[in-house]
Amino acid sequence: MTRATTVRAVLAAAVLLVSVLITLTMSPRLGLDLQGGTRMVLQAKDSDTAKADRDSTDRTLEVLRQRIDSLGVAEPTLTRSGEDRIIVELPDVQDPRKAAEVIGKTAQLSFHAVQGPGAEPPEADKPATGEAGDGRTLPDEQGRRLALGPVKLSGAGVKDATANFDAQQGAGWTVSLDFHKSAGREWTKLTGEAACNPVQDDRRRVAIVLDDKIISSPQVDQSIGCKVGLPSGSTQITGSFSANEARDLALLIKGGALPLPVEIVEQRTVGPTLGAAAIDASAQAALIGAAATALFIILIYRFFGALAAVALAAYGVISYAALVALGVTLTLPGLAGFVLAIGMAVDANVLVFERAREEYAAHPNRTLRSAMTAGFRNAWSAVADSNVTTLIAAGLLFFLGSGSVKGFGVTLAIGVIASMFSALVIARALTEIASSSRFVTTRSGVNGIARPGRVRTWLARRDPQLFRRPNRWLLISAALIVVAVLGIVVRGVNFGVEFTGGRLVEYSTSRPVDVETARSALSGAGFGDAEVTTAGAGDLSVRTGKLDNEAEHTLRAALAAEGGETTKIRDELIGPSLGDELRRNALIALAVAVVFQLAYLAIRFRWTFAVASVGALVHDVIILVGAFAWLGRTVDGIFLASLLTVIGYSVNDSVVVFDRVRELWAKNPRASLTTVANRAVIQTVPRTVNTGMGALFILVALAVLGGDSLEDFALALLIGICVGTYSSVMTAVPGALALERTGRTPPPGRDRAAGRRTGTKRRDPLDNGARV
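Keep in mind that this is a model prediction, so the values were computed, not measured.

Student: Which residues make up the environment of L598, and what values go with them?
Tutor: Here L598 is to be found in helix α19 (residues 576-604). Through-space distance from the C-alpha of L598 to that of V611 is 6.5 Å; in sequence the pair is 13 residues apart. Setting aside residues no more than four positions away along its own chain, L598 makes contact with A610, V611 and V614.

Student: Tell me what's going on with the side chain of T293, and back it up with residues and numbers.
Tutor: Secondary-structure assignment places T293 in helix α7 (residues 272-325). T293 sits in the buried class, given a relative accessible area of 0%. Setting aside residues up to four positions removed in sequence, T293 forms contacts with L312, G694, F697 and I698.

Student: Requested: an account of the sheet that holds strand β4 (residues 85-91), with residues and values cited.
Tutor: Consider a sheet: its strands pair through backbone hydrogen bonds, and that pairing is either parallel or antiparallel. Strands sit in the order β3-β4-β2-β13-β19-β16-β18-β17 across an open sheet of eight strands; the sheet is antiparallel. Each having just a single partner strand, β3 (77-81) and β17 (531-534) make up the two edges of the open sheet. Between one strand axis and the next, the sheet turns through 20 degrees on average, direction left out of account. Strand direction decides the pairing type here: β3 and β4, joined by five bridges, are antiparallel. Looking at β4, one finds that R80 is bridged to I86. Packed on one face of the sheet, helix α17 (residues 515-524) meets β17 and β18 (540-544) and runs near 155 degrees to β17. Contacting β13 (262-270), β16 (502-509), β18 and β19 (566-574), helix α18 (residues 549-563) runs over the sheet at an angle of about 30 degrees to β16.

Student: Describe in detail the state of the cysteines, supporting the description with residues and values.
Tutor: Under the defined criterion, the tally for this structure stands at one disulfide. At a sulfur-sulfur separation of 1.7 Å, the disulfide partner of C196 is C226. Torsion about the S-S bond of the C196 and C226 cystine: about 80 degrees, corresponding to right-handed handedness. Of this pair, C196 sits in the loop between α5 (181-194) and β10 (206-210) while C226 sits in the loop between β11 (213-216) and β12 (235-241), placing them 30 residues apart in sequence. The exposure class of C196 is partly exposed, given its relative accessible area of 35%.

Student: Run through the packing of aromatic side chains, naming residues and quoting values.
Tutor: With the rule as written, the count across this model stands at ten aromatic pairs. Plain terms: the ring middles of F111 and F179 are 5.7 Å apart, the flat faces sit at 65 degrees to each other, and that makes the pair edge-to-face. With F111 in strand β5 (residues 109-117) and F179 in strand β9 (residues 172-179), this residue pair connects regions lying 68 residues apart in the sequence. Summarising the aromatic geometry, the rings of F304 and F353 are spaced 6.2 Å apart at their centres and angled 70 degrees between planes, so their arrangement reads as edge-to-face. Separated by 49 residues along the polypeptide, F304 in helix α7 and F353 in helix α9 (residues 347-362) bring together distant segments of the chain. By the burial criterion, F304 is buried, and F353 matches it. Aromatic rings pair up to connect Y301, F303, F304 and F353 into one cluster.

Calculation rules
Residues numbered from 1 in each chain as written. Predicted model: local features only at pLDDT ≥ 70, side-chain atom pairs only at ≥ 80, totals over all residues. Heavy atoms only, no water. Helix = DSSP H or I, 4+ residues; strand = E, 2+ residues; numbered from the N terminus. Contact = heavy atoms within 4.5 Å. Buried < 20%, exposed > 50% of the residue type's maximum accessible area, 1.4 Å probe, protein only. Pairing = 2+ DSSP bridges. Axes fitted to C-alpha atoms, helices over the stretch in contact; angles between N-to-C directions. Disulfide = S-S within 2.5 Å. Phe/Tyr/Trp six-rings, centres within 6.5 Å; stacked < 30°, edge-to-face > 60°.

This is the structure:
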């Protein structure tokens with residue numbers, strides 16, 4: 001065993017050992033869609049006294065954190081997003097109404113001197129107008145109106161507030177206040193001035209106002225002398241509170257006023273049952289899909305296929321440990337992306353094994369070890385380029401996406417890096433050790449490398465001329481695009497709530513309720529514009545425009561009247577402004593993806609190859625969107641993650657083909673590009689078929705076992721991978737041939753130099769005639 005092999009083996013063993021320890025000792029961080037709970041996105045708004053910038057949003061976040069901590073929610077998560085948004089995740093909170101009421105209140109608390117009884121308004125239901133201190137009157141807790149004086153003290157001066165039950169004095173639940181030092185002096189002065197008025201006079205009261213409502217107007221005790229006042233640490237608010245009311249009031253007062261008013265622009269609630277089902281489904285899909293992939297690879301590559309299966313298992317452990325160690329939140333799309341990456345991780349091994357088979361077939365007398373070494377060397381450029389293109393897609397998901405899409409990008413990037421390590425370090429160490437064994441090298445039926453493979457043998461025997469008329473393939477691709485565009489125009493794209501704004505709620509009922517009955521019940525309850533559809537096994541999906549939490553509670557009650565016990569299993573609320581922004585960002589992400597892929601491929605290859613590859617991926621995007629339009633499937637954030645993954649996969653396939661074209665053309669620069677391209681495609685077809693089958697096993701398992709939550713994700717990737725596999729050969733290559741004919745571009749630079757050294761003429765790369 002060489003020194004390089006020893007280093008790889010030691011490195012692989014060390015990484016695997018650390019990964020196993022992390023897997024056994026640390027638990028993954030699950031997103032709300034996997035453990036249940038509520039997620040809110042709050043938009044900070046400009047106020048009269050503060051602008052919604054980074055600093056004021058951070059101060060608002062800290063106030064919200066104090067309030068949520070007092071709610072008793074286990075492991076809440078609050079993060080700032082951009083300049084003026086705050087993301088709040090509340091695990092295990094299934095009813096967001098109370099949380100929204102507490103965290104969304106601006107809580108403008110103030111203490112006022114009472115000037116006397118106020119006059120009744122002209123209309124009993126007419127709200128008071130004006131600001132406190134300019135003659136404004138408000139009803140107190142008993143309904144009597146009081147004329148308030150100017151603000152003497154704000155809620156920011158409150159140091160602490162606690163709810164207590166006063167059994168001795170019979171006051172019931174009260175709220176005790178403790179003020180900061182300077183505010184305490186103001187409180188003593190305010191109560192001292194009030195004590196100068198006679199007992200039972202309204203002017204002896206102090207009005208405590210919360211959000212323009214008098215929550216308490218206690219009389220200063222008769223034992224307190226004029227100008228003496230109450231000490232700052234012994235104040236109680238009374239008002240016939242219940243236990244919950246006292247606790248909520250103490251929470252609001254303690255949290256203080258929000259520096260900025262906030263608006264809920266997104267709200268998602270998912271039941272833990274849905275999350276548990278998604279985890280189970282993904283786990284089953286991972287086991288079955290990975291097992292099927294491993295068996296397929298073993299069938300094709302025999303003993304070396306078994307070694308690749310071991311490396312595949314190591315990849316799973318390493319990537320999972322990396323996700324756990326980095327604290328990446330596993331969401332539903334991220335989990336599905338992790339499962340998908342298992343199928344794609346075998347690609348590097350397939351590339352190496354196919355190149356080793358070619359080397360062994362071209363030089364039968366060389367050793368198996370040297371063939372494997374040559375396979376790793378020759379496959380390196382294709383492995384590097386294909387993985388870099390996927391990393392570009394993952395990076396765009398992270399920087400341009402949001403929420404679950406961003407998490408999917410992180411998961412995909414970790415998967416790509418882990419797969420390269422498993423293929424180029426672990427698999428290589430295993431294969432180099434195995435190729436030194438006499439038992440393995442002398443038995444071609446065992447090692448799986450010394451035989452060319454059935455697909456390669458069949459192609460060599462038939463020698464199909466795929467690009468004799470390349471334009472016919474372009475016409476087929478154009479026809480597919482026309483069909484897809486017709487679907488987009490005729491059926492329209494069914495954008496999800498995530499892109500359009502509105503609210504989508506899914507319910508499970510104890511008694512079956514058909515769609516028409518549910519529609520009638522909701523129409524009778526005042527929700528005539530609600531769209532009702534089925535969602536899985538007997539569940540109902542209700543989609544509406546603007547719907548607050550109180551209205552949702554009424555809507556659920558209307559369904560419960562028909563279906564008995566009604567449980568909310570999913571709830572998504574997106575504000576219209578956020579929906580427009582997400583849709584705009586999705587289009588920007590696609591445009592940037594195209595530009596980045598084009599730039600990278602133009603640098604690594606020829607501009608004609610780059611344009612043809614990007615044209616193929618645009619072809620894939622249009623067909624995938626059109627297919628979802630014809631099928632009436634929802635286009636949402638998860639679909640966007642699928643779409644960008646398809647872009648990476650499509651370019652990945654094109655890179656492998658054009659890498660072989662570049663290699664063959666460099667060896668024979670005088671050959672026609674049509675002939676070179678045909679040979680390159682035939683040589684890379686075994687890799688394309690074997691890699692595609694590995695991914696399809698995983699995706700079929702996801703589609704069959706994943707249920708409604710993963711069905712659209714798996715379907716999008718199934719369509720995308722099938723179309724991408726076709727386009728990388730039958731769209732990208734003919735497109736490159738057409739561009740080369742139009743541009744009359746010469747062979748690669750290094751080969752032109754070689755041609756000049758040997759005295760050969762530069763020729764039309766598409767000319768099939770030979771010249772001397």
